[in-house]
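# Chain and residue survey
Now for the letters of each chain:
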Amino acid sequence: MSYTFKWFKAAAVRAVRTVAQSAAAMLCAATFLGDVNWGAVASASALAGLLSFLTSLAGLPEVDKESE
């Protein structure tokens, strides 16, 4: 698999969505508990984004379909 601009764009979009979803989930949970630890929200969201990007190395269905 060659990593093209299209692949990097799709992987970045997926990673940004994952970061936003993780941050939203953590903020909702922390607000419910009454204490938002911004460092924990930032680090967990960043880790989720990194893991999403690394998972994309295995393949992105939206890019793989277009190359067929």
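Above: the structure in question.
A few points on the structure.

Each helix and strand counted, the protein has three helices and zero strands in total. Looking at the protein as a whole, 24% of its 68 residues are labelled buried. Of the contacts made within the protein by residues no fewer than 6 positions apart, 74% connect residues no fewer than 24 positions apart. Working note: accessible area of the protein is about 4,800 Å², and carbon and sulfur atoms make up 68% of it.

This next bit is on helix α1 (residues 5-33). The first and last C-alpha atoms of α1 sit 42 Å apart over 29 residues, in line with the 42 Å expected at 1.5 Å per residue. Considered for burial, the residues of α1 that qualify are W7, A10, A11, A15, S22, A23 and A30. Among the residues trailing α1, G34 stands out with phi positive, at a value near 95°.

Next up on the list: helix α2 (residues 38-56). Across its 19 residues, α2 extends 27 Å between first and last C-alpha, which sits within 8% of the 27 Å expected from 1.5 Å per residue. Along α2, the residues classified as buried are V41, S45, A48, G49, S52 and S56. For α2, the buried positions fall inside an angular range of 100° around the axis, keeping them on one side. Looking at the packing, one finds that the buried side of α2 touches α1.

Of all hydrophobic cores here, the largest spans five residues; its members are W7, A10, A11, L60 and V63. Here the element with the most residues in this core is α1; it accounts for three residues. Apart from residues no more than four positions distant in its own chain, A10 is found in contact with L60, E62 and V63.

With that settled, the discussion passes to the environment of P61. As for its placement among the helices and strands, P61 is situated in helix α3 (residues 61-67). Since its relative accessible area comes to 42%, P61 is described here as partly exposed. A C-alpha to C-alpha distance of 9.8 Å links P61 and A10, two positions 51 residues apart in sequence.

Turning to the packing of α1 against α2, a few remarks are in order. As a packed pair, α1 and α2 sit with axes 8 Å apart at the nearest point and diverge in direction by 150°. By the criterion of interaxial angle, the relationship of α1 to α2 is roughly antiparallel. For the crossing formed where α1 meets α2, the hand is right-handed. Here W7, F8, A11, R14, A15, T18, V19, S22, A23, M26 and L27 of α1 lie close against α2, whose contacting residues are W38, A40, V41, A44, S45, A48, G49, S52, F53 and S56. Classifying every residue of the contact of α1 with α2 gives 14 nonpolar, six polar and one charged.

Thresholds, definitions, all that
Residues numbered from 1 in each chain as written. Predicted model: local features only at pLDDT ≥ 70, side-chain atom pairs only at ≥ 80, totals over all residues. Heavy atoms only, no water. Helix = DSSP H or I, 4+ residues; strand = E, 2+ residues; numbered from the N terminus. Buried < 20%, exposed > 50% of the residue type's maximum accessible area, 1.4 Å probe, protein only. Contact = heavy atoms within 4.5 Å. Areas by Shrake-Rupley, 256 points an atom, 1.4 Å probe, with all protein chains shown as cover. Expected span 1.5 Å × (residues − 1). Arc of directions from axis to C-beta. Core = buried A, V, L, I, M, F, W, Y, C linked by side-chain atoms within 4.5 Å. Axes fitted to C-alpha atoms, helices over the stretch in contact; angles between N-to-C directions. Parallel < 35°, antiparallel > 145°, perpendicular 65-115°, else oblique. Left-handed = near helix turned anticlockwise from the far one by under 90°. Nonpolar A, V, L, I, M, F, W, Y, C, P; charged D, E, K, R; others polar.

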